[in-house]
Each structure stands twice: as structure tokens, then as C-alpha cells.
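Secondary and tertiary structure notes
Listed below, chain by chain, are the residues.
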Amino acid sequence: MSKFGEFSTRYFKQYFDLHPTDAIYYSVEGYDHLLNDYSDKSYKAEKVFVKESLRKLGEISPVELTADEAIDYALLEGRLTIQSYEHAKEDYRLKQPDTYSPTEAIYILTVRATNDFAGNLLSRLDRTPALIQQGITNLNRKDANPPKLWTENAIEGAKGGISFLDSLAEHPKVQAAAIDANTLAAAIEKAKSALNDFASFLERHLLPRSNASYAVGEEHFNLLLKKKHFLDHDAHSLLAFGESLFAKTKLELEALADDLAPGKGVEAAARAIQENHPSSDAILSAYDQAMSAAREFVRDKKLVSFPAKEELHVVHTPVFRRHEIPFAAYLSPSPKDPNQVGYYYVTPVASDDLLREHNYVGLENTSVHESYPGHHLQFSIANCTPTAATLPRLMNESSVFYEGWALYCEQLMQEQGFLKSKQHRFVMLKDRLWRALRIIIDVKTQTGKLSYDEAADLMVRELHFPREQACGDLNWYSQSPSVPMGYALGWSIINRLRDQEQKRLGGKFSLCEFHDKLLSSGSISLPLVEKRHFMS
């Protein structure tokens, strides 16, 4: 084993010892019974671990590395640099109240393989009260000051967690585990009681004094661009790109709207498309049909090479995440899952405005983005490619690639004739406008130049979104600096690379081979992929 390989083995062992709930996402065994420890002792150990890991990594000479190790090295160095900066800046335990929610750690056991499902489930339920108490203790400190929005979201998340636990005993996997009914009921009730106490604490004590800004600031944002996404952009040049793309896309959209609804404008053209939608109880099956049709088309056209096995299940969004997923989302397969089973989440609608957003044209476009050849195919391929499935790559994905790829797939499926109507092109352009606006909002809100309400107003005005949908989007933007900008920027980079390869290869260019090469490094930063595979 190389010196870097030895470092990586030690690093990830220590990492999962400190962050056990992360392990199941990467098929790392031995931690599924645990919840994270947010005590002062553990936090101090975490900071020392990051500092020492960065020092030890720096002792490894890059010239000793293979081309693929060099990518993994860069990803780890970037990750550790960002974490070191963030540790010096503030204590996340005092700013992010949803840190202490156990719900995701319990839910993930129901959709991922685990060595002892019954034992691990009961263990995490039993550990929930202690975790919640740790959260209350930390957030009770006088210097604890989350943004009001984050505390409100944590309250919604805690209440959603209680609803999730209410139905946990009826989950097919739980029933199949044949857990003693009294034991399970007692564990669930204790966890529910703890979550209820947490929601009450957040509402009564933390919310009134939650007034911090969620903006990370320009220095921090630029560090993310450089060390997470490996971009040449800074906040200013990225904003200029986003504003230029927004203006260009808006003109294209308005021209097409005039063709579809002469003299009536974008909103009228959109409303005509939105009125054709499934009923609320038929939404899930409509998405499933659209997903299946996209899969068959991609396979028949040989647009991308498929892994040996993969499955995608269309299901309702878990109740505890619906406040931040107003529309649809995706959960990728476990890296070592032999069947590569992913989950395509669709959020049940609560209003007519949101029901219109699930129109047939829109959901077909969304299914291309989330399923085939979008997210699901991309992540399944990465999991089945040894060089792409290393822990440094799996744990350091970049939205510039995985969201850029999904947005590119919307264009690709139009070019190939799957999304072939003018209405499909209209929705694609409208969604591209949305993603261009995300760049503007991401940069401006995270650098303190745009407030949450101003951003919501902008989305309602420019995208004609229901305000509920705009706020649902902004809720996750607020906790994901530099992620929303990745869609449109990545789309533009992939198109540039494709044009470059077509020009270089001429008649020998193969779309499938281009896509296969592009996806062969995993869902990491596109500039690193370009350097590895598209530079002579």
C-alpha cells in the first residue's frame, strides 16, 4: 500500500469513529448502532483530528502519487482546509440546531443495508434522548445563536420526526424484523418524547433569541469555490456569469412564450402547461411512468453505458424532510449495494398551486433530471467504478458535476427527441432560468447582499413560483453555500467539454463514449475530471 493509501485508511477510521452516523452512507460497517457525540470532549477531538490530518497529509509528496491518487489527495486536502477554516470561525454545534435531530440516522436504516437491523434500530432509538439532551445543553449556552430560519426549520424537522416515528412500527422492514412489540413501542415512545421536548425547547427558548445571519461571507464562499469545487471563479466572476446566463435564458424563454401564447407572456404560457397535471393521488404513478420511459429511451439510444444492476423506486418524500423538499429529490444507492437501489422522492401536494408544478411536461423533465440519465444513473455508475468509488471521492462530491450533469441531461434528452415538444423546451428553459437565478441568489445571500425575503420575492417575480415553493427552495440554499450555484455552472462546463471533444475527434466522436469518460471519475469537481480525462 502506498503512503497515501496508508494515510487514507487511518484517516477514515478516525473520521467514522468521530462521525458514526455518516458510515452507512458509504457502506462502512460497524457504526450503524451509534449516534454522533457532540460533547465538548468530542468536538475538541474533532478539531485536533482535522489539524493533525492536514499536517500529516502535507508530509506526503504529490510527486509520489498516481494520477488517480492525486485527485483523491486534492479532495482530502480541500476538505480538511475548509474544515480547519470553519473550526476557527465558529462552533457549528451552537449554530445548527438540526444537528441534534436523530431522525435521518434512524430513517436511513430502513432504506440501506445494515448488519443487524433490529439491534441497530433499537440502539439508535434508545440513544435518542441522550442526543437530544446534548443538543438542549449546547444550545442553552449564552453564545448559541442560530439564524431564526434554521431554528424554525429544526422545529419543523423535529415535528416531522415525531410523525415519522408514529408510523415506524408499520414500516415493512420493521415488521419483517419481528422486533418484540413492547420493546419497540417503548423505544419509539422515548424517542418521540425526546423529540417533543426538543421541539418545545426550540420554540420556547431558542427561537426568541435566534437572530444570527446564515450568510457565510465572501471569504468563506470563495474558499468553498476554490477548495470544494476547484473553480477559477470567485464570488464576483461567478455572479457575473449567473447574471449573464439569466439574461440570455430569459430572452430565449420570452421568445418561446410568445410563440406558445402570443402576446400573453411567460406566466400565461406556463399556466397553460401547468393546468395539465395528474390528480394528487395519481402523482406518484405518473412519476414512475415517466422515469421508466426515460430509462428505456436512454438504454435504447445507447446514450450512456448502464451498470450491471440498478433500480430506482419512486416514493413519497419522508415526512420529516418535506419542509425543505417542496417538489422532488433523490437518494443515491449505497456504494456497495449489489443491486444499486436508489430512491426518487416526490413530495405530496398540499395546495392547488403546488399541484400545478407537478404537470405532465414538468414531471417528465424532472424525471430526466433525477433518474435517467440524470442523478440515479450517474451515482450508480460511480458506485460501480473502482476509481470513482474511493472514500475521498464518495465523500467529496461537487454539485458542479452532479447537478450540472442532471441539468445537462434535460438538454440532452431534448436533443435526442425524448422531450420533443415546444412545451418541453419551454419547461427546460424555465428550469434553466431557475438554475441561473440560483447562482445569483447563492452568491448574493451568502455574501450578505440579498435577504431571504428579497430572494423569495425575486423567485416569485421572475419564476412565477408559489411563495411556498420559493421558501422551500431557499430553506435548503441557506444551509448549503455554494451548492445551488452548481447546476447551471456545471451544465455550461459539460457543454464546453463536449464541444471541445467533438472538435478534437471530428467524425470519430461518440456521445456515449464521451459520457462514459465524463462519468468515470465519480461525481467530484468537474475541473478535476477535466484535468484527468480531457487535457492532453
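Look up: the structure comes first, before these words.
Residues numbered from 1 in each chain as written. Predicted model: local features only at pLDDT ≥ 70, side-chain atom pairs only at ≥ 80, totals over all residues. Heavy atoms only, no water.

**Overview of the packing of helix 1 (residues 3-18) against helix 2 (residues 40-58)**
In contact at an axis separation of 11 Å, helix 1 and helix 2 are set at 170° when each is read in the N-to-C sense. Considered as vectors, helix 1 and helix 2 are oriented roughly antiparallel to each other. Between helix 1 and helix 2, the residues in contact are F4, F7, Y11, Q14, Y15 and L18 and S42, A45, E46, F49, S53, K56 and L57, respectively. Along the lines of polarity and charge, the residues of the contact of helix 1 with helix 2 split into eight nonpolar, three polar and two charged. (Axes fitted to C-alpha atoms, helices over the stretch in contact; angles between N-to-C directions. Helix = DSSP H or I, 4+ residues; strand = E, 2+ residues; numbered from the N terminus. Parallel < 35°, antiparallel > 145°, perpendicular 65-115°, else oblique. Contact = heavy atoms within 4.5 Å. Nonpolar A, V, L, I, M, F, W, Y, C, P; charged D, E, K, R; others polar.)

**Topic: the packing of aromatic side chains**
Under the counting rule described, the total for this entry stands at 25 aromatic pairs. For the pair Y11 and F12, a centre-to-centre distance of 4.8 Å together with 80° between the ring planes defines the contact as edge-to-face. Looking at F12, the relative accessible area reads 6%, which means it is buried. Ring centres of F16 and Y31 lie 6.2 Å apart, and the angle between their planes is 45°; this geometry places the pair in the tilted category. Of the two residues, F16 sits in helix 1 while Y31 sits in the loop between helix 1 and helix 2, which places them 15 residues apart along the sequence. (Phe/Tyr/Trp six-rings, centres within 6.5 Å; stacked < 30°, edge-to-face > 60°. Buried < 20%, exposed > 50% of the residue type's maximum accessible area, 1.4 Å probe, protein only.)

**Side note on the environment of L407**
Considering the arrangement of structural elements, one finds L407 in helix 17 (residues 399-415). We classify L407 as buried; its relative accessible area is 3%. With 385 residues separating them along the chain, L407 and D22 place their C-alpha atoms 27 Å apart. Residue contacts for L407: discarding those within four places in its chain leaves H369, R435, Y487, A488 and W491.

**Some words on the state of the cysteines**
Note on terminology: disulfide describes a covalent bond linking the sulfur atoms of two cysteines. This structure, assessed with the given rule, holds zero disulfides. Residue C409 stays outside any disulfide, its sulfur separated by 13 Å from that of C512, the closest cysteine. (Disulfide = S-S within 2.5 Å.)

**Structural notes on the pattern of salt bridges**
Tallying each qualifying case throughout the model produces 29 salt bridges. With its nearest N and O atoms 3.0 Å apart, the salt bridge here joins R93 to D40. Of the two residues, R93 is situated in the loop between helix 3 (67-89) and helix 4 (103-107) and D40 in helix 2; the sequence distance between them amounts to 53 residues. Of the charged contacts in the structure, one is a salt bridge between D259 and K422, with a shortest N-O distance of 2.8 Å. Taken together, the residues span a long stretch of sequence, with D259 in helix 10 (residues 235-260) and K422 in helix 18 (residues 422-446) at a distance of 163 residues. (Salt bridge = Lys/Arg side-chain N within 4 Å of Asp/Glu carboxyl O.)

**Some details on unusual backbone geometry**
For the bond from Y372 to P373, the omega torsion is 5°, close enough to zero to count as cis. In this fold, P373 is placed in the loop between helix 14 (360-370) and helix 15 (375-383). The residue K302 is not glycine, and still its phi comes out positive at about 55°. Unusually for a residue other than glycine, S482 sits at a positive phi of about 80°. Given the relative accessible area of 0%, S482 is considered buried.

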